[in-house]
Structure formats: structure tokens, C-alpha cells
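Chain residues, written in single-letter form:
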Amino acid sequence: MISTAAYQGGPVLGIETSCDETSAAVVDESGIRGLAILSQDAHAAFGGVVPEIAAREHVRSLGVLVRHAMQQANVVDEEIGGVGVTAGPGLVGALLVGLNWGKAYAFASGIPLLGVHHMEGHLFGTALEHANAKPPFIGLLVSGGHTILLEARGWGDYRLLGQTRDDAAGEAFDKVARRLGLAYPGGPEIERVAADGKAGRFSLPRPMLSSRDHPSDAAYFDMSFSGLKTAAAMLASELERNGGLNGLVPDLAAEFQEAVIDVLVEKTMRAVKFTNCHRVVLGGGVARNSRLRNCLSERLADGGELYIPSGRLATDNAAMIAEVARHRLKNGERSSWSLNADPSLAFPGLVCS
Ligand code: KG4
Ligand code: ZN
């Protein structure tokens, strides 16, 4: 095996192709120098991400996006000091496109490569915009594939407090939106429609919020959105049988959104209380939801700190991947040239106690 070069400093090129956003970025110690994101719209007609289409679209656009990010950063190939690429979790075909691109680029340039965990990326994304979004903090990661509540004791040193037992929060948004006839991705659509509705007209469950649970019970911090999704779908069917959904979608969407947010906010506040850590960092696509942002900031108003990424850094982007890589490369880590994509990659440094 040919050994990899050590990181000598310099801007890091980040690549993200785990799902349906193709993205490249250049990041250095001053922050984001260049960032290009292409949200693939080829999936909209199918109501969800089609893995084969995602991979082909990444192949088509990644090279152009890398050039775009480098031009924006005003750097040439010779100045790039390392490459960070999402190695998992995600769609394997999609991951392989970015991984092989990054590997080839790093190998040809004689610079180190680092495989990054996508969700650790979401944890670092917020720190690119807020200097104080650094450990120790409670992290709430809410995306289309994951919902994780953790305590970050240091970068790379994470304690898992809770996670979803079934659907991710974003996935539930997407599926309920689809059931209500709304477009993909469903999160922003539910939020848009819910703005004209009223939560409370219908009643949906708030799963796993029993006040009898104790922090030593896994159920205290864990979440579940599958039953809530089914309850929303059953309510929609009942309303359809009794005269149709016409005019009722905003109230149903508002109640569903409120139920998800009640659970996320309550679990986060339990984590704050349990750890006595009052700094909360939000990450992942669902962090774009303004009702979630407002509810959390209200609950943390009294002495807490809340750090929220801007829209472009909440959803998938390569700047967060480059930032994880920059941090880990600086610490002397690097991946071997045999690095492979892993759709169920374990979160590095995440432990259960
Ligand atoms: O982090 P992300 O871009 O991709 C994954 O890693 O999955 O998150 C995408 C998810 C989708 O499920 C999408 O519906 C959701 O984030 N999302 C939202 C909003 N914007 C995006 N969910 C609720 N409200 C929003 N405004
Ligand atoms: Zn993501």
C-alpha cells in the first residue's frame, strides 16, 4: 500500500454526494472560501430520491461544482492541502461517486484524504457560522435519514443520549407531505402550508413523552415518528371519507408539525436538564424549520445558548464535510487509499454512556 502524505496545512477541498445534493467546498482557517451546492431536481417527479438517478446526477455535476468552488475560493489545485469526502452513511452508489472522485484527486495531488461521517458534518456545519458553537454542547441532529440527540464533550468525543427508533424527523415530514399531496422534499412544504393552518384543530399524538420515564430509561431521550406519521395518514383518510381534505390540509399540517416539534424540543430540554449543559447546537435539514427554531429559542431564552445554521449549511453541503476533515487532518488523522463507502458507517467517537 502506498503511504499517504501528511497534512501540511492549507485549504481543504470538501466533497458531499451522500444523497440528492451534489456539493463541493473549499474551507480554511478563515472559514468557507468557496461553496457550490446543486440540489438535484430530477427526483421531484418520483416523490422521493431515486438512488440510481442520484448517482448519475453526481457523476454529471461534481467536476463542475469542484471547479466552481475553487474559482470562488480563488485557489488553484496546487494550493489544496487535503481532501475530505463523505464516506457514509448514505446511498452507496451516490457515496461512491464523491468518494472515488476525492480519492483520485488526493492521490494525483499527493495530499491526504479523509473519509467523513455525514452526521458529524452536520455537527460541524453550525460552527462554521458561529464561533461559540463548539463543545461542550447538546447537539440535536435532525435530517432526512437520522434524528440524534447527543452531548458533545469535545470534537470527536460524543455521548449518545437518544435517537429515533424508527423514522427520522425529516423522513416523517416527507412522508406525511406526500400523503397530503404536497411536493418533495416535504419538510419545507409542510412548513409553508402550516403557516395558514392552526395546530390543535385536530389532535395527533406526541410519542414517547411520558412523564413517568426517568433518564436511566432509554425511552426518556429516544424518539419515534413512525406512529405519528401513521396517525396523520389515518386522520387524512378519515377526513377524505367524511367529505374530503379540501381546505383542511393547513390545519392537519400545522398539527403534525407541532407534534414533531413538541417531541424534539422536549427531548432536547430533557438533555439540557440532565447534563446541565445549556448550549444547544442544531444541525440537519429540519433545522431550517422556523417553528422548531423559535420554540427552541423560547425554551432556551433564560440563560441558554442556541446555535442554528443558516439554510445553506443546515441542508447537505460540502463545507461541513471539509471542516470535519480539516479538524481531523490537523490532528494527524488520514484515511487509507483503500477507504470505501459505507452506507451504515458508525458515527466516530459516539458512545452510549
Ligand atoms: O440534512 P438533509 O439536507 O439531508 C439528509 O441528510 O437527510 O435533510 C433533509 C431533510 C428532508 O427530510 C427535508 O424534508 C427536511 O430536511 N427539511 C425540513 C425543512 N427543510 C428541509 N423539514 C422541516 N421543515 C423545513 N423547513
Ligand atoms: Zn444531511
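A few points on the structure. Note that the structure is predicted; figures quoted are calculated from it, not measured.

Structural notes on the side chain of Asp316
Line of reasoning, step 1. As for its placement among the helices and strands, Asp316 is situated in the loop between α9 (311-314) and α10 (318-330).
Line of reasoning, step 2. Among the polar contacts made by the side chain of Asp316, one reaches the side chain of His118 at a distance of 3.0 Å.
Line of reasoning, step 3. A polar atom in the side chain of Asp316 sits 3.1 Å from the side chain of His122.
Line of reasoning, step 4. The contacts of Asp316, once residues within four sequence positions are left out, are Glu16, Ser18, Cys19, Glu21, Ile37, His118 and His122.

What to know about the site of ligand 1
Line of reasoning, step 1. Ligand 1 sits among 20 residues. The nearest are Gly144, Asp174, Gly187, Glu191 and Gly285.
Line of reasoning, step 2. Residue Gly285 places a main-chain N or O atom 3.0 Å away from an oxygen atom belonging to ligand 1.
Line of reasoning, step 3. In this structure, Asn289 approaches ligand 1 through a side-chain N or O atom, which is 3.1 Å from a nitrogen atom.
Line of reasoning, step 4. Going through the elements one at a time, α3 (118-125), α4 (169-179) and α5 (186-194) are the ones with two or more residues in the shell around ligand 1.
Line of reasoning, step 5. Residues that form the shell around ligand 1 fall into these classes: 4 nonpolar, 12 polar and 4 charged.
Line of reasoning, step 6. Residues lining the shell around ligand 1 come from more than one domain, with at least three contributed by each of domain 1 (12-124 + 314-352) and domain 2 (134-308).

Topic: the sheet that holds strand β5 (residues 113-117)
Line of reasoning, step 1. Spatially, 5 strands are ordered β3-β2-β1-β4-β5 in an open sheet, and the strand pairing comes out mixed. One side of each edge strand has no neighbouring strand; the edge strands of this open sheet are β3 (31-39) and β5. Each strand of the sheet is rotated relative to its neighbour by a mean of 20 degrees, with strand direction disregarded.
Line of reasoning, step 2. Across 4 bridges, strand β1 (residues 12-16) lies against strand β4 (residues 82-88) in parallel orientation. Along β4, the bridge assignment pairs Leu13 with Val83.

Here's the deal with the side chain of His117
Line of reasoning, step 1. Within the secondary structure, His117 sits in strand β5.
Line of reasoning, step 2. A polar side-chain atom of His117 sits 3.1 Å from the main-chain amide nitrogen of Met119.
Line of reasoning, step 3. Non-local contacts of His117, meaning those with residues more than four positions away in its chain, are made with Gly88, Pro89, Leu345, Ala346, Phe347 and Pro348.

Brief notes about the coordination of the zinc ion (ligand 2)
Line of reasoning, step 1. Protein coordination of the zinc ion (ligand 2) is provided by His118 (NE2), His122 (NE2) and Asp316 (OD), with donor distances spanning 2.0 to 2.1 Å.
Line of reasoning, step 2. The sequence motif formed by the donor residues of the zinc ion (ligand 2) is H-x3-H-x193-D. Pair noted here: His122 is in helix α3 and Asp316 is in the loop between α9 and α10, with a separation of 194 residues, a long-range link. Across this residue pair, the class does not change: His122 and Asp316 are buried.

Thresholds applied
Along each chain, residues carry numbers from 1 onward, in the same order as the chain's sequence is written. By the order in which they are written, chains take letters starting at A while ligands take numbers starting at 1. Reporting in this predicted model follows two pLDDT cut-offs: at least 70 for local features of residues, and 80 or more for side-chain atom pairs to be given and counted; totals over whole chains, interfaces and linings ignore these cut-offs and use all residues. The basis for the side-chain values is all heavy atoms of the structure; hydrogens and waters are excluded. Segments assigned H or I by DSSP are reported as helices when at least four residues long, segments assigned E as strands when at least two residues long, and all are numbered from the N terminus. Any pair of N or O atoms that falls within 3.5 Å is considered a polar contact. Within protein, one atom must be able to donate a hydrogen and the other to accept it, and sequence-neighbouring residues count only if both atoms are side-chain atoms. Note on contacts: a residue pair is in contact if any heavy atoms of the two residues lie within 4.5 Å. Put simply, a residue is near a molecule or strand once any heavy atom of it comes within 4 Å of that molecule or strand. Charged residues are taken to be Asp, Glu, Lys and Arg, nonpolar residues to be Ala, Val, Leu, Ile, Met, Phe, Trp, Tyr, Cys and Pro, and polar residues to be all remaining types, Gly included. All the domain ranges listed were derived from an automatic or database domain assignment. Strand pairing is assigned whenever DSSP identifies at least 2 bridges connecting the two strands. An axis is simply a line fitted to the C-alpha atoms; with a helix, the fit covers only the stretch in contact. Between two such axes, the angle follows the N-to-C directions and lies from 0 to 180 degrees. Note that water is not among the atoms considered, so a metal site may appear incomplete; the donors listed are N, O and S atoms within 2.8 Å of the metal, with 3.2 Å applied to Na, K and Ca. Buried, partly exposed and exposed residues are distinguished by accessible area as a fraction of the type maximum, computed with a 1.4 Å probe on protein chains only: under 20%, between the cut-offs, and over 50%, respectively.

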